[in-house]
Amino acid sequence: MITKFKNLGPGLLFAGAAIGVSHLVQSTRAGADFGLGLIWALLLVNICKYPFFQFGPRYSTATNESLLDGYKKLGTWVLISYYIIAFATMFTIQTAVTIVTAGLASSLFGNFISVETWSIVILTICFCLLILGKYKLLDRLMKIIVVTLTISTIIAVIIAYINHSGKLSLTQILPKNTIDIAFLIAFMGWMPAPLDVSVWQSLWCIEKNNDTKKYTPKSALFDFNIGYISTIFIGIGFVLLGAYVMFHSGETFSDSAGKFANQLINMYTINLGSWAYVIIGIAAFTTMFSTTLTTLDASPRAMARTTELLFKKTSIFSYTFWIILLAIGTIIILLFLASGMGLLIKIATILSFMTAPFFAIINYVLISSKHTPKEWHPSVKLHILSWLGILFLIGFSLWYLSTL
């Protein structure tokens with residue numbers, strides 16, 4: 001058991017990256033607007049995306065190379081397609097998670113500086129942690145963060161349940177108007193995370209194996225399953241919090257990061273009591289800080305490796321170059337679009353959902369190909385689930401496009 005715990009790492013990093021906007025913002029809003037009516041969507045999208053996320057650690061530990069190396073073997077066009085999609089979304093994603101984190105920091109620690117300044121402070125802290133501590137520090141920090149997040153979320157849900165006097169219906173809802181459908185797609189777009197996070201985890205698996213030399217495919221799948229189950233569990237927790245505390249409250253959320261954070265925390269404390277402020281604050285801030293930290297590490301790591309594979313040599317476009325570029329680009333967007341947090345999140349989540357079929361298909365093709373050792377090819381059940389998942393992602397994307 002001790003060995004298994006020590007081998008936990010990339011799976012928890014996945015959880016740290018996944019449990020962010022999709023949970024704190026989108027899941028809370030789902031509970032606030034629909035009660036428990038969208039639980040079906042949360043469970044369905046997690047089940048349908050599961051194989052494609054799992055193929056990341058499966059492939060990387062079976063071959064000792066990342067999914068990006070596998071994409072190159074499938075064809076240079078696949079890697080170029082990833083490069084374009086990743087570059088097009090990395091700044092928006094980083095901005096979306098950073099601005100929410102900054103809003104929470106402003107609410108918790110004081111608004112004596114602007115949300116934009118808080119964003120720069122948070123990015124600087126994350127940047128220093130990653131440059132100085134590298135993967136080892138990230139790996140150790142995430143174990144503490146995910147445990148803290150899980151405990152604080154459980155406590156918050158229990159408190160909300162005890163204080164909730166009304167009844168909640170388990171009747172599931174299929175949104176029908178354009179606005180609600182757009183929210184549903186955005187909700188599922190980042191639930192539990194964008195599918196390109198599978199690439200990130202494959203890179204973290206390589207780092208973990210380089211660090212321990214004992215990160216086998218079996219330990220990787222165990223680690224991944226722990227992280228994945230955590231994201232589902234906490235996602236349901238935030239839906240419950242939104243439903244218990246905000247459903248039928250008449251409250252509408254602001255698109256401003258600072259105002260949203262204040263609304264979120266104040267609504268919890270008004271309904272649960274001022275003593276719950278610290279617990280809710282820890283759960284919310286831990287959620288978003290972990291996402292900001294992991295995304296700031298993963299996107300540059302992926303872009304550096306992709307550049308290296310495409311140009312067949314180590315260039316100036318290293319991890320350090322990409323993390324500096326991402327930080328600067330994020331700050332520039334924040335300075336001009338800080339007040340439009342809601343729009344940023346909507347754009348990022350919908351883009352993630354629309355590109356999901358691409359990542360689902362190439363991950364499935366790669367794991368089933370000659371480039372993966374046969375003993376680590378998917379089982380019959382996993383094949384079937386993969387086909388169903390691909391059909392689901394394509395079908396929902398076409399359904400959304402038909403509503404525009």
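Description of the structure in this document. Bear in mind the structure is a predicted one, so any value in this text is a computation, not a measurement. (Residues numbered from 1 in each chain as written. Predicted model: local features only at pLDDT ≥ 70, side-chain atom pairs only at ≥ 80, totals over all residues. Heavy atoms only, no water.)

**Examining unusual backbone geometry**
Cut-off, in case you're wondering: Here a strand is any run of E in DSSP of at least two residues, a helix any run of H or I of at least four, and the numbering for each starts at the N terminus.
Here the phi dihedral of Asn-64 falls at roughly 60°; this positive angle occurs in a residue that is not glycine. Checked against the element boundaries, Asn-64 lands in the loop between α4 (39–63) and α5 (67–74).

**A look at the state of the cysteines**
As a reminder, the rule being used: When the sulfur atoms of two cysteines come within 2.5 Å, that pair is taken as a disulfide. A 1.4 Å probe rolled over the protein chains alone gives each residue an accessible area, and that area as a share of the maximum for its type sets the label: buried under 20%, exposed over 50%, partly exposed in between.
Inspection of every chain in the model, using the stated rule, returns 0 disulfides. The thiol of Cys-126 is not disulfide-bonded; the next cysteine sulfur, from Cys-128, is found 9.5 Å away. On the basis of relative accessibility, which here comes to 0%, the residue Cys-126 falls in the buried class. Judged by relative accessible area, Cys-128 falls into the partly exposed class, the value being 35%.

**Some thoughts on empty space enclosed by the protein**
One way to see where empty space is left: roll a probe the size of a water molecule over the atoms. Note the threshold: Grid points spaced at 1 Å and placed over the protein atoms alone form the basis of the search, with a cavity being a set where a 1.4 Å probe fits but cannot get out and a pocket an open set showing protein on both sides within 12 Å along at least five of seven lines. Lining residues have an atom within 4 Å of a point. Grid points are joined across faces, edges and corners, and a volume is the space filled by probe spheres set on the points. Following the grouping adopted for this structure description, the nonpolar residues are Ala, Val, Leu, Ile, Met, Phe, Trp, Tyr, Cys and Pro, the charged ones are Asp, Glu, Lys and Arg, and the polar ones are all others, Gly among them.
This structure, assessed with the given rule, holds 3 cavities of 30 Å³ or more. The space that makes up the largest cavity amounts to roughly 90 Å³. Counting only elements with at least two residues in the lining of the largest cavity, the list comes to α2 (10–18), α3 (21–34), α6 (76–109), α9 (197–212) and α12 (277–311). Split into classes, the residues belonging to the lining of the largest cavity amount to 11 nonpolar, 4 polar and no charged. Roughly 70 Å³ of volume is contained in the second largest cavity. Taken together, Tyr-82, Ala-86, Thr-89, Met-90, Ile-93, Asp-196, Trp-200, Ser-299, Ala-302 and Met-303 make up the lining of the second largest cavity. Of all the elements in the fold, those that place two or more residues in the lining of the second largest cavity are α6 and α12. The dominant element in the lining of the second largest cavity, judged by the number of residues it contributes, is α6, at 5 residues. Partitioning the lining of the second largest cavity into residue classes produces 7 nonpolar, 2 polar and 1 charged.

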